[in-house]
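# A structural walkthrough
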Amino acid sequence: MGKVAVAFAAAAVVAACSVAAVMVRRRVKSRRKWRSVVEILKELEEGCDTPVGRLRQVVDAMAVEMHAGLASEGGSKLKMLLTFVHELPKGTEKGTYYALHLGGTYFRILRVYLGGERSYLDVQDVERHPIPSHLMNSTSEVLFNFLAFSLERFIEKEGDGSSSQGVKRELAFTFSFPVKHSSISSGVLIKWTKGFEISEMVGRDIAECLQVALNTRGLDMHVAALVNDTVGALSLGYYHDPDTVVAVVFGTGSNACYLERTDAIIKSQGLLTTSGSMVVNMEWGNFWSSHLPRTSYDIDLDAESSNSNDMGFEKMIAGMYLGDIVRRVILRMSQESDIFGPSSSLLSEPYVLRTNLVSAMHEDDTPELQEVARILKDLGVSEVPLKVRKLVVKVCDVVTRRAGRLAAAGIAGILKKIGRDGSGGITSGRSRSETQMQRRTVVAVEGGLYMNYTMFREYMEEALVEILGEEVSQYVVVKAMEDGSSIGSALLVASSQ
Ligand code: ADP
Ligand code: MG
């Protein structure tokens, strides 16, 4: 072999070695990046961990805060608001009633006809529309004009058949925000939540605002009740099954109400009701306890929200926020490695990943996770390998599992407060097992998150059994109430006539 050939051969060997070295380096680098992403997942799992012992601490904290909120005004982050609802619909109500429901994402209008028997409840017309986003930070005039206009159109469609001429239509206003009531049909807005920001409305009577807007449009409708959405769900639950004493909503936001003895509402001494009880709107979205498993993603989400330091529980369990927690985790993964390819600016946009997309990814049962790939592509992240798609599904699972389990702890906290959790609340002489075990308790649940996200629902129900134990949980029935908030509010108007 000539000198030149030797030199070539040597150069080729060197080149081959360096190519191999580059490949090895790349492999090591990519393995290191994969490891850093797995580390982020592990840290998330640890941060979101909810063993049953921790859930029980949340249960206790919820019950303690409920007591504190009932004891004095401002005694707890739980407002425990009076609703002035002390009789729930029995099933004998008659007539035609309307409900207008302003939720966090949707508004709904419906009409129900009641025939005087429980089985005769006819929901005759339901309209559901997304709330135009510009209304969320408009003015009260614009918002209520819009609602009145929507009602007007709804009524125009009716023709003559639905309400006898000359008879005022009775309307329930289902309002899914915290209100300080002075009667069942009046109350002032305490604060906005779920991204709404019309500051001039805080402190104003919500029912009156709607009534004025209806009058201005010449609509012959009477706002007969101002009803929190949870109270609506409780009313429908009770109408069908009088063992219903708790209602919870998991939609854009989350909240709960329950039937409380008036003598336990210490902050309103002298409060008398014929039934001896009153529905209390807990506003549990604002619940907080140091036992809640909080991650850096929750802290950042809160800090960047329009209502920071507020609604801490809601921000861990409600539909508006779950997608954004998942987005924050994926964003960090994409920033700390290139496993998602070139970083997408879309991923940095708050709330771009909605919770319905999280459930679609989580429940993707195609072998190649095509739905996950499609959704990631819409977020500007394409060509993601299968193992990364699996990782994304895992992130959805961790965030939703925590939400479902904390939701269950919240419900168990209410059951504990009213002595229905088997731990011995009000025993009055009889043995604990006798009083606790034999009382059937129905929890009415509604909201888009609960209704549509199967894994959320399953995690919640599984954790409730885990917390309460097999025996007690046999007596606790969780019942889904589709459109319960709106239908139940109309029933409440009927029963308060
Ligand atoms: P509102 O909160 O306006 O009363 P809903 O109770 O219908 O309305 O809840 C809507 C919310 O439920 C959505 O904003 C979303 O967070 C959640 N949601 C709706 N559909 C799904 C779904 N398929 N999977 C997960 N969450 C969903
Ligand atoms: Mg709702």
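Scope of this entry: the structure provided in the associated data block. (Residues numbered from 1 in each chain as written. Chains lettered and ligands numbered in written order. Predicted model: local features only at pLDDT ≥ 70, side-chain atom pairs only at ≥ 80, totals over all residues. Heavy atoms only, no water.)

### Some words on the sheet that holds strand S1 (residues 81–82)
The sheet built from six strands is open, its strands ordered S1-S11-S10-S9-S12-S13 with mixed pairing. Where the open sheet ends on each side, the last strands, each with one partner, are S1 and strand S13 (476–480). Note that S1 and strand S11 (residues 277–281) share two bridges and pair antiparallel. Paired with Leu 81 across the strands is Asn 281, a residue of S11. On the sheet, helix H5 (residues 229–240) packs against strand S9 (244–250), strand S10 (254–261), S11 and strand S12 (441–446) and is oriented at approximately 135° with respect to S9. Its contacts with the sheet put helix H11 (residues 386–417) on S9, S10, S12 and S13, and the angle it makes with S9 is roughly 155°. (Pairing = 2+ DSSP bridges. Helix = DSSP H or I, 4+ residues; strand = E, 2+ residues; numbered from the N terminus. Contact = heavy atoms within 4.5 Å. Axes fitted to C-alpha atoms, helices over the stretch in contact; angles between N-to-C directions.)

### Some remarks on the packing of helix H9 (residues 355–362) against H11
For any two helices packed against each other, the geometry comes down to the angle between their axes and how far apart the axes lie. The contact between H9 and H11 brings their axes to 9 Å, and the two run at 120°. Looking at the two axes, H9 sits oblique to H11. Note that H9 runs across H11; the crossing there is left-handed. Only Val 392, Val 393, Cys 396, Asp 397 and Thr 400 of H11 make contact with H9, whose side of the interface consists of Val 358, Met 361 and His 362. Of the residues that constitute the contact of H9 with H11, the class distribution is five nonpolar, two polar and one charged. (Parallel < 35°, antiparallel > 145°, perpendicular 65-115°, else oblique. Left-handed = near helix turned anticlockwise from the far one by under 90°. Nonpolar A, V, L, I, M, F, W, Y, C, P; charged D, E, K, R; others polar.)

### A few points about the site of ligand 1
Taken together, 18 residues are adjacent to ligand 1, and Thr 105, Tyr 106, Thr 252, Ser 359 and Gly 448 come closest. Gly 104 is positioned such that a nitrogen or oxygen atom in its backbone is 3.0 Å from an oxygen atom of ligand 1. Between Gly 448 and ligand 1, the recorded distance is 2.8 Å, taken from a backbone N or O atom to an oxygen atom. Relative to its free-state accessible area of 570 Å², ligand 1 is covered by the protein chains to the extent of 86%. Every element with two or more residues in the shell around ligand 1 is listed here: strand S3 (106–115), helix H8 (319–336), H9 and helix H13 (448–452). (Near = heavy atom within 4 Å. Polar contact = N/O pair within 3.5 Å; in protein donor to acceptor, adjacent residues only side chain to side chain. Areas by Shrake-Rupley, 256 points an atom, 1.4 Å probe, with all protein chains shown as cover.)

### So, empty space enclosed by the protein
All told, the structure shown has two cavities of 30 Å³ or more when counted by the stated rule. When contributions to the lining of the largest cavity are tallied by element, the ones reaching two or more residues are strand S6 (179–183) and strand S8 (221–227). Across the lining of the largest cavity, the residue classes break down as five nonpolar, four polar and no charged. For the second largest cavity, the calculated volume is near 40 Å³. What lines the second largest cavity is simply Trp 288, Arg 294, Asp 298, Asp 302, Gly 312, Lys 315 and Met 316. Secondary-structure elements contributing two or more residues to the lining of the second largest cavity are helix H6 (296–303) and helix H7 (314–317). Within the lining of the second largest cavity, the residues separate by chemical class into two nonpolar, one polar and four charged. (1 Å grid on protein atoms, 1.4 Å probe; cavity = no way out; pocket = protein on both sides within 12 Å on 5 of 7 lines; lining within 4 Å. Points joined across faces, edges and corners; volume = space filled by probe spheres on them.)

### As for the pairing of S9
In terms of burial, S9 is largely enclosed, as seven of its seven residues are buried. Judged from the five bridges that link them, S9 and S12 form a sheet pairing that is parallel. Bridged to Val 249 within S12 is Glu 446. Across five bridges, the pairing between S9 and S10 is antiparallel. When the bridges of S10 are listed, Val 246 appears paired with Tyr 258. (Buried < 20%, exposed > 50% of the residue type's maximum accessible area, 1.4 Å probe, protein only.)

### Brief notes about the sheet that holds strand S5 (residues 169–175)
In space, the five strands of this open sheet follow the order S4-S3-S2-S5-S8, with mixed pairing throughout. Of all strands in the sheet, those with a lone pairing partner are strand S4 (121–130) and S8, marking the two edges. Going across the sheet, the axis of each strand differs from the next one's by a mean of 20°, ignoring polarity. One ladder, built from nine bridges, connects strand S2 (residues 94–102) with S3; its direction is antiparallel. The partner of Leu 102 across the bridge, within S3, is Phe 107. Against the sheet, helix H3 (residues 140–156) touches S2, S3, S4, S5 and S8, its axis set at about 40° to S3.

### Digging into H11
If you check H11, its first and last C-alpha atoms are 47 Å apart, about what 32 residues at 1.5 Å a residue would give, namely 46 Å. With 26 of 32 residues buried, H11 lies mostly within the body of the structure. Downstream of H11 by a residue or two, Gly 419 has a phi angle that is positive, lying close to 70°. (Expected span 1.5 Å × (residues − 1).)

### A short note on the packing of aromatic side chains
Counted according to the given criterion, the structure contains 16 aromatic pairs. Here the aromatic rings of Trp 192 and Phe 196 are separated by 5.2 Å at their centres, their planes lie at 20°, and the arrangement is stacked. Phe 196 shares its class with Trp 192; the two are buried. Geometrically, the ring pair formed by Phe 287 and Phe 313 is edge-to-face, given 5.2 Å between the ring centres and 85° between the ring planes. Here Phe 287 is found in the loop between S11 and H6, whereas its partner Phe 313 is found in the loop between H6 and H7, with 26 residues between them in sequence. Aromatic rings pair up to connect Phe 144, Phe 173, Phe 175, Phe 177, Trp 192 and Phe 196 into one cluster. (Phe/Tyr/Trp six-rings, centres within 6.5 Å; stacked < 30°, edge-to-face > 60°.)

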